[in-house]
Amino acid sequence: QVQLEESGGGLVQAGGSVRLSCTASSSILSINTMGWYRQAPGKQRELVATITRGGSTSYADSVKGRFAISRDNAKNTVYLQMNSLKPEDTAVYYCRVSTHMETYAYWGQGTQVTVSS
């Protein structure tokens, strides 16, 4: 069954904005941390932002001040609002959720974000 369903992404011009969403299946219990990672061609997957169930956030230095992560616990959904996009933000963006103590972790299928200059 589908565990994480991502939406959003696509092609955007530099300076533009995109919003990503990721909804976790109700079968995943006790979700704690939700986050976004990205992988550009030829590069390793890297952390973009995370948010705990209590709302504590963490961001990669490269996106601070431009991206904002949020979540709706009632909907098991995490969002990533990406503003002032740059060509170097081009990547496949992956949603990840984990349970308490990282007992279980789940990845989304990835969604492409392409920023044209």
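Our subject is the structure that appears above.
Attention here is on the structure that accompanies the text. Since we're looking at a predicted model, the values are computed, not measured. (Residues numbered from 1 in each chain as written. Predicted model: local features only at pLDDT ≥ 70, side-chain atom pairs only at ≥ 80, totals over all residues. Heavy atoms only, no water.)

Here we look at the environment of A14
Consideration 1: When you line up the elements, A14 lands in the loop between β2 (10–13) and β3 (18–24).
Consideration 2: Counting along the chain gives 17 residues from A14 to I31, while the straight-line C-alpha distance between them is 34 Å.
Consideration 3: Setting aside residues up to four positions removed in sequence, A14 forms contacts with L85, P87, V115, S116 and S117. (Helix = DSSP H or I, 4+ residues; strand = E, 2+ residues; numbered from the N terminus. Contact = heavy atoms within 4.5 Å.)

Focus: the state of the cysteines
Consideration 1: Tallying each qualifying case throughout the model produces 1 disulfide.
Consideration 2: One disulfide bridge connects C22 with C95, the sulfur atoms lying 2.1 Å from each other. Looking along the S-S bond of the C22-C95 disulfide, the torsion reads about -80 degrees, which is the left-handed sense. With C22 in strand β3 and C95 in strand β9 (residues 91–99), this pair connects stretches of sequence that are 73 residues apart. Like C22, the residue C95 is buried in the burial classification. (Disulfide = S-S within 2.5 Å. Buried < 20%, exposed > 50% of the residue type's maximum accessible area, 1.4 Å probe, protein only.)

What to know about the nonpolar core
Consideration 1: Within the largest apolar cluster, 28 residues are counted, with the highest numbers of intra-cluster contacts made by W36, L80, M82 and Y93.
Consideration 2: When residues of this core are traced back to their parent elements, those giving at least two are β3, β4 (31–39), β5 (46–51), β7 (67–72), β8 (77–82), β9 and β11 (111–116). (Core = buried A, V, L, I, M, F, W, Y, C linked by side-chain atoms within 4.5 Å.)

Overview of the sheet that holds β8
Consideration 1: Pairing is antiparallel in the open sheet, where 4 strands are placed in the order β1-β3-β8-β7. Each end of this open sheet is capped by a strand with a single partner; those strands are β1 (4–7) and β7. Direction aside, the axes of adjacent strands within the sheet are offset by 15 degrees on average.
Consideration 2: Both β7 and β8 contribute to a ladder of 6 bridges, which runs antiparallel. The residue bridging F67 from the neighbouring strand is M82, located in β8. (Pairing = 2+ DSSP bridges. Axes fitted to C-alpha atoms, helices over the stretch in contact; angles between N-to-C directions.)

All we've got here are geometric facts, nothing functional implied.
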